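Single-letter residue listing:
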Amino acid sequence: MSSSDIFIGETIGTAVLILLGGGVCAAVTLKRSKAQNAGWLAITFGWGFAVLTGAYLAGGVSGAHLNPAVTIGLAIKGGTEWSDVPLYLGSQLLGAMIGAVLVWLTYYGQFRAHLTDPEIVGAQTGEEGMVDKAAAPKAGPVLGIFSTGPEIRHAVQNLVTEIIATLVLVLAILTQGLNNEGNGLGTLGALVTALVVVGIGLSLGGPPGYAINPVRDLGPRIVHALLPLPNKGGSDWGYAWIPVAGPLIGGAIAGGLYNIAFA
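Presented here is a report on the structure given in the accompanying data block. (Residues numbered from 1 in each chain as written. Predicted model: local features only at pLDDT ≥ 70, side-chain atom pairs only at ≥ 80, totals over all residues. Heavy atoms only, no water.)

## Section: the packing of helix H4 (residues 85-106) against helix H10 (residues 214-226)
Threshold: Only C-alpha atoms enter the line fits that serve as axes; for helices the fit covers just the stretch in contact. Angles between N-to-C directions range over 0 to 180 degrees. Going along the chain from the N terminus, every DSSP run of H or I of four or more residues is numbered as a helix, and every run of E of two or more is numbered as a strand. By the definition adopted for this analysis, an angle is roughly parallel if under 35 degrees, roughly antiparallel if over 145, roughly perpendicular if from 65 to 115, and oblique otherwise. Handedness of a crossing is defined here by the sense of rotation of the near helix relative to the far one, left-handed for an anticlockwise turn of less than a right angle and right-handed for a clockwise turn. Residues count as neighbours in contact if any of their non-hydrogen atoms are within 4.5 Å of one another. Following the grouping adopted for this structure description, the nonpolar residues are Ala, Val, Leu, Ile, Met, Phe, Trp, Tyr, Cys and Pro, the charged ones are Asp, Glu, Lys and Arg, and the polar ones are all others, Gly among them.
For the pair H4 and H10, interaxial distance at closest approach is 8 Å and the crossing angle is 50°. Our classification of the angle between H4 and H10 gives oblique. The element H4 and its partner H10 pack so that their crossing is right-handed. Taken together, the residues of H10 that come into contact with H4 (itself represented by Leu89, Gln92, Leu93, Ala96, Met97, Ala100 and Val101) are Val215, Leu218, Gly219, Pro220, Ile222 and Val223. Split into classes, the residues belonging to the contact of H4 with H10 amount to eleven nonpolar, two polar and no charged.

Structure follows, in C-alpha cells:
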C-alpha cells in the first residue's frame, strides 16, 4: 500500500477510534450527560465498538493497525516493512489527537458544566475561584476522559499489566487466520479484535485502565494539556511513560512469540 494510503487510513481510523472511545468515557464521566455513571461495562463495550468502527473504516486502506504496538508486532512478524513504521506511528498519533479534539467539541457544554461545578473542582480552587496550582492533583478531574491512570500507583505493576494486556491483544491479532491457510479473517478480523478488546477491558483493565495502545494515551494526554479547559488540573506526565512503554514492549514480545511458536 502507498504512503498516502497508510497516512489517510491510520489518521482517520485512529481519529474515529479515539472519538468513540474517548466519547464513551466523556459520556460516563461528565455532569449533564445522559450516560453519566453508566459504569465500567459501558466503557469496555464502548471501546470495543470504537475499535470495531475504526478498524472497519481503515482496514481496506491501511490495514487498520491504529496502534503502534500492533505495528511493531507486525513488523517483527514480517507483515509490515520497517521503513513504513514511522509513517504508521506518526499517522496514528495525529489521528489520536484529532479524535481527542473531536471529543472535546462534542461534549463542549458538558465539559464546561462539569469543570465549573463547585463539587467537582472545589478541592482545586482557592477562595476567589481561581485554580490553586499548588493544590491541583497530578490527574485533573477530566483527565480520565483523555488518558489512563492507575487505581493503585505502582510503576512496576502498572507497567507489567500494560505489557500483559497488550501481549494478549497483539498476539490475538497476529494469529488471526492461522486456521484458514494464513489468509486472515478479512473484515471479520475487526469484529474478533473488538471482542478481544472488550475481554481485555473486563478482565485486565481494572488496575491501570488498559491503554494497550501508546497513542490512545499519549495523543489525548497532549490534547488535554493544550485545551483551554477551566480548572482541568494536571495531565499527570509522571505516569505518561507507562502506557507508552508497556504496550510497545507487549507488542514486541507478541511479535517475537509469534515467530517462535506460530510461524
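So that's the structure; there's more coming.
## A word on the side chain of glutamate 162
Convention followed: Type-normalised accessible area, obtained with a 1.4 Å probe on protein chains alone, sets the label of each residue: buried when under 20%, exposed when over 50%, and partly exposed for intermediate values. His is not counted, nor are the chain ends, whereas Lys and Arg count as positive and Asp and Glu as negative. The term salt bridge refers to a pairing of a side-chain nitrogen on Lys or Arg with a carboxyl oxygen on Asp or Glu at a separation within 4 Å.
Turning to its location among the elements, glutamate 162 is positioned in helix H8 (residues 155-174). Arginine 216 provides the closest opposite charge to the buried, salt-bridge-free glutamate 162, at an N-O distance of 7.7 Å. Discounting chain neighbours no more than four positions away, the residues touching glutamate 162 are Pro208, Tyr210, Ala211, Ile212, Ile242, Pro243, Gly246 and Pro247.

## Looking at the packing of helix H3 (residues 68-77) against H8
Two numbers describe how H3 lies on H8: the axes approach to 10 Å, and their chain directions differ by 50°. The orientation of H3 relative to H8 falls into the category oblique. Here the hand of the crossing between H3 and H8 comes out right-handed. Contacts between H3 and H8 involve Ala69, Val70, Gly73, Leu74 and Lys77 from the former and Thr166, Val170, Ile173 and Leu174 from the latter.

## Description of the pattern of salt bridges
Taken as a whole and assessed by the stated rule, the structure comprises three salt bridges. Among the salt bridges present, the one from arginine 221 reaches aspartate 217, with a minimum N-O distance of 2.8 Å. Residue arginine 221 and its partner aspartate 217 are located together in helix H10, separated by four residues, close to a single helical turn. Judged by relative accessible area, arginine 221 falls into the buried class, the value being 0%.

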